[in-house]
Amino acid sequence: MVSFTLPPIHDNPDGGWGPSSSNIPEQFKFKDIPYAPFSKSDKLGRFADWNDPMSDGRQAVTGVSSTRDSRGASGRSRRDGAQAFGSGTASAFAYFHVDDESSFSLVDNKTTAPRRGSAFMKGRPTGRGSTSFANRGAQRPRGWFTTGRGGQRGGRKGWRDWDKGNRTRESSVTISPQWTMLEEIEFHRLTKLKLEVDDAEDIDTYGRIFAYDKTYDRITTKTEKPLQPSDRIKYNTTTSDDPVIQQLAAKDTATVYTTDVILSVLMCAPRSAYPWDIVIVREGNHLFLDKRDGGPFDTVTVNENASDPPQDPAPPNPNNPSEKSTQEVPSINSATSLSLEATYINQNFGFQAVIESAAVDFAHPNPFYGPGETDPLASCGYRYRVFDLSVTEDEDIKLCVRTEVDAFLPGHGNPQDGHGLATIRALNEFDPRAPGAGGAQDWRSKLDSQRGAVVATEMKNNSCKLAKWTVQSILAGADLMKIGYISRVNPKDNSRHVILSTASMRPADFAAQLNVSLANGWGIVRTITDLCMKMPEGKYVLIKDPNKSVIRLYSVPMSAFTAEEDEGEMFEAEEHESAA
């Protein structure tokens, strides 16, 4: 009978894992083979790894492992996760042909042809979406410069260019220490609001509008027409100074009173990047949304939503006297200069694109045109409309808004009944190569052949402005929006412009393209209304943070933003200077 004898077991006297080097039997033939480190967590799923990243045995001979870079990181991608213990170590069992490689040399008497293109990519793209180094030489990213040793990144030129869009902006109004912050709402909370509102009820109409000149629809880049400055009067009166709204408030027509310009900013608040402020006055059961004179509502923004919007020169540091004398002069492509230019273009294009000989009078004359005025009025009609913001039948919350239309379309019905009305706006091109252009196309070469690309770029760079124009047209009940494309005659001159084209859009369809949700806008308006109606009577101001996606509601004194307060501040400043 065969017996089984248990072999002797040699314990490790050191108390570690594996056999001890002192207890290895003499007949063990492979005792001099080096030991590869491992751990319990190593994946031992294969006998051999033929995809080992060792590419050159000579590196291992010199003591540098090819599987690790100079920082000690593994040669594998970071997406592979943490490396197992021992897996990144150079293989101790590798066989290197050191002698053979060192004695090998190539003997070739043929002259090699010079290589074309870059030494890296031979001037060809390496794959879809990639660009060769040779092709990128002429269009280097911002922040690159060329030295005697070739193109390198660094230095002072283009320094912090990546942070241009994040530079600090100033608030649209100076926040006084006496003001009390009542509420702070983030934009992501505003985007979740929703309120369905029925069609508006027309209360009354004022003003006179002219017929739109259809010849502007046939303008192309080859038949451009110069923009002519016109001497016309167009009023942009705030809510509290409107005599018609005061009469409607006396009759208790609605709860909230405002204008389409102010209301559109509030409804499109989540899209805004520049600071703005709305003055809110509660008198009894009425709420008035006003704007300040000279505030952001009187001008038109340019490329507000671009990744690198136009910038104003940094204000001088009051603590550094040398900066006051060397203050940078604003260029024609700064944010303020472009805003004034865009406002000028919008007004004059609206004045020019109408036929003044064909006019239609609304039910009442212009309420802001006094008897002492001698300058001619611009084409502008005011429609006072009421929207019902009530959620339940027990509520009675209505909003009265003064809307504006700029012209009527002949042959589209009676404008006095609200048919064939149009709003006229203008987009402006300043310099496609200037900072802040937002990657805009050259309109003269692309507007006729690739209009879709031009419109897509404008929808990206001016998302907030176009959304506000669309909301204003919908609030006014306009059938069409006329948007002109106007460019400078010379990119270096901001005083002369030409009309390159005019587009016609239906406001509801354009709102769908811009992804503008009226239900979300009405939800924002109702939320702010409920917030203010819970407060006691007084004056408040809703401020958009200049650098964050946040709006804040402050309680301010009744004398704020008035002529008396401005005179008091000037008097205090004069006293301080005289005392100094």
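Scroll up for the structure.
Computed from a predicted model, the values in this text were never measured in an experiment.

Draft legend 1. The arrangement of the overall build of the chain in detail. When you go through the chain residue by residue, the secondary structure sums to 13 helices and 17 strands. Here the contacts in the chain between residues at least 6 apart in sequence split such that 70% fall between residues at least 24 apart. Summing over all exposed atoms, the chain offers an accessible surface of approximately 35,100 Å²; the carbon and sulfur share of this is 51%.

Draft legend 2. Layout of the environment of Leu421. The topology assignment puts Leu421 in strand β13 (residues 421-429). Leu421 sits 40 residues away from Gly381 along the chain, and the two C-alpha atoms are 9.6 Å apart.

Draft legend 3. Spotlight on helix α10 (residues 463-476). Taking 1.5 Å per residue as the helical rise, α10 with its 14 residues ought to reach 20 Å, and the 20 Å between its terminal C-alpha atoms agrees with that figure. With 13 of its 14 residues buried, α10 lies for the most part within the structure. Among the residues trailing α10, Gly477 stands out with phi positive, at a value near 75°.

Draft legend 4. Region of interest: the pairing of strand β15 (residues 493-505). Sheet topology note: the strand β5 (residues 225-226)/β15 ladder contains two bridges and is antiparallel. Each residue of the ladder has a partner; that of Pro226, found in β15, is Val498.

Draft legend 5. A look at a nonpolar patch on the surface. Nonpolar side chains collect at one region of the surface, where Phe4, Leu6 and Ile9 lie side by side and expose about 430 Å² of accessible area between them. Within the fold, Leu6 resides in the segment before α1 (57-61). The exposed category is assigned to Leu6, whose relative accessible area is 63%.

Draft legend 6. Molecular detail of the environment of Asp260. Looking at where Asp260 falls in the secondary structure, it is placed in helix α5 (residues 260-267). What makes Asp260 buried here is its relative accessible area of 2%. Contacts of Asp260, omitting those with residues within four sequence positions, involve Val401, Arg402, Thr403, Glu404, Gln472 and Leu475.

Draft legend 7. Examining the environment of Glu283 more closely. With respect to the helices and strands, the residue Glu283 is situated in strand β7 (residues 277-283). It is 8.9 Å that separates the C-alpha atoms of Glu283 and Lys539, two residues lying 256 residues apart in sequence.

Draft legend 8. Quick peek at the packing of aromatic side chains. What the rule picks out here adds up to nine aromatic pairs. With a centroid separation of 6.2 Å and an interplanar angle of 55°, the aromatic rings of Trp179 and Tyr554 are classed as tilted. Residue Trp179 is located in the loop between β2 (150-153) and β3 (180-186), and its partner Tyr554 is located in strand β17 (residues 550-556); the two are separated by 375 residues in the primary sequence. Its relative accessible area of 9% is what places Tyr554 among the buried residues.

Draft legend 9. α5, seen in detail. Among the eight residues of α5, eight are classified as buried, and the element is accordingly described as predominantly covered. Those residues of α5 lying buried are Asp260, Val261, Ile262, Leu263, Ser264, Val265, Leu266 and Met267.

Draft legend 10. Examining unusual backbone geometry more closely. Positive phi, close to 55°, is recorded for Asp252, a residue that is not glycine. For Asp252, the position within the fold is in the loop between α4 (243-250) and β6 (256-259). Residue class for Asp252 comes out exposed when judged on its relative accessible area of 52%. With a phi close to 55°, Asn303 is a non-glycine residue in the positive phi region. Within the element layout of this structure, Asn303 appears in the loop between β8 (286-290) and α6 (321-325). Take Asn303: its relative accessible area is 4%, and that puts it in the buried class.

Draft legend 11. Focus on the pattern of salt bridges. Inspection of the entire model under this criterion finds 18 salt bridges. Residues Arg232 and Glu356 are paired through a salt bridge, measuring 2.9 Å at the closest nitrogen-oxygen approach. Here Arg232 is found in the loop between β5 and α4, whereas its partner Glu356 is found in strand β9 (residues 354-361), with 124 residues between them in sequence. Using a relative accessible area of 26% as the deciding quantity, one classes Arg232 as partly exposed. Across the pair Arg425 and Asp406 runs a salt bridge, and its minimum N-O distance is 2.8 Å. One end of the pair, Arg425, is in strand β13; the other, Asp406, is in the loop between β11 (398-405) and β12 (407-408), and 19 residues separate them in sequence. For the pair Arg425 and Asp406, a shared accessibility class is recorded, and that class is buried. A single network of salt bridges, built from pairs that share partners, joins Glu184, Asp545 and Arg552.

Reading the values: the criteria
Residues numbered from 1 in each chain as written. Predicted model: local features only at pLDDT ≥ 70, side-chain atom pairs only at ≥ 80, totals over all residues. Heavy atoms only, no water. Helix = DSSP H or I, 4+ residues; strand = E, 2+ residues; numbered from the N terminus. Contact = heavy atoms within 4.5 Å. Areas by Shrake-Rupley, 256 points an atom, 1.4 Å probe, with all protein chains shown as cover. Expected span 1.5 Å × (residues − 1). Buried < 20%, exposed > 50% of the residue type's maximum accessible area, 1.4 Å probe, protein only. Pairing = 2+ DSSP bridges. Patch = residues over 30% accessible without salt bridge, like charges linked within 9 Å, V, L, I, M, F, W, Y side chains within 5 Å. Salt bridge = Lys/Arg side-chain N within 4 Å of Asp/Glu carboxyl O. Phe/Tyr/Trp six-rings, centres within 6.5 Å; stacked < 30°, edge-to-face > 60°.

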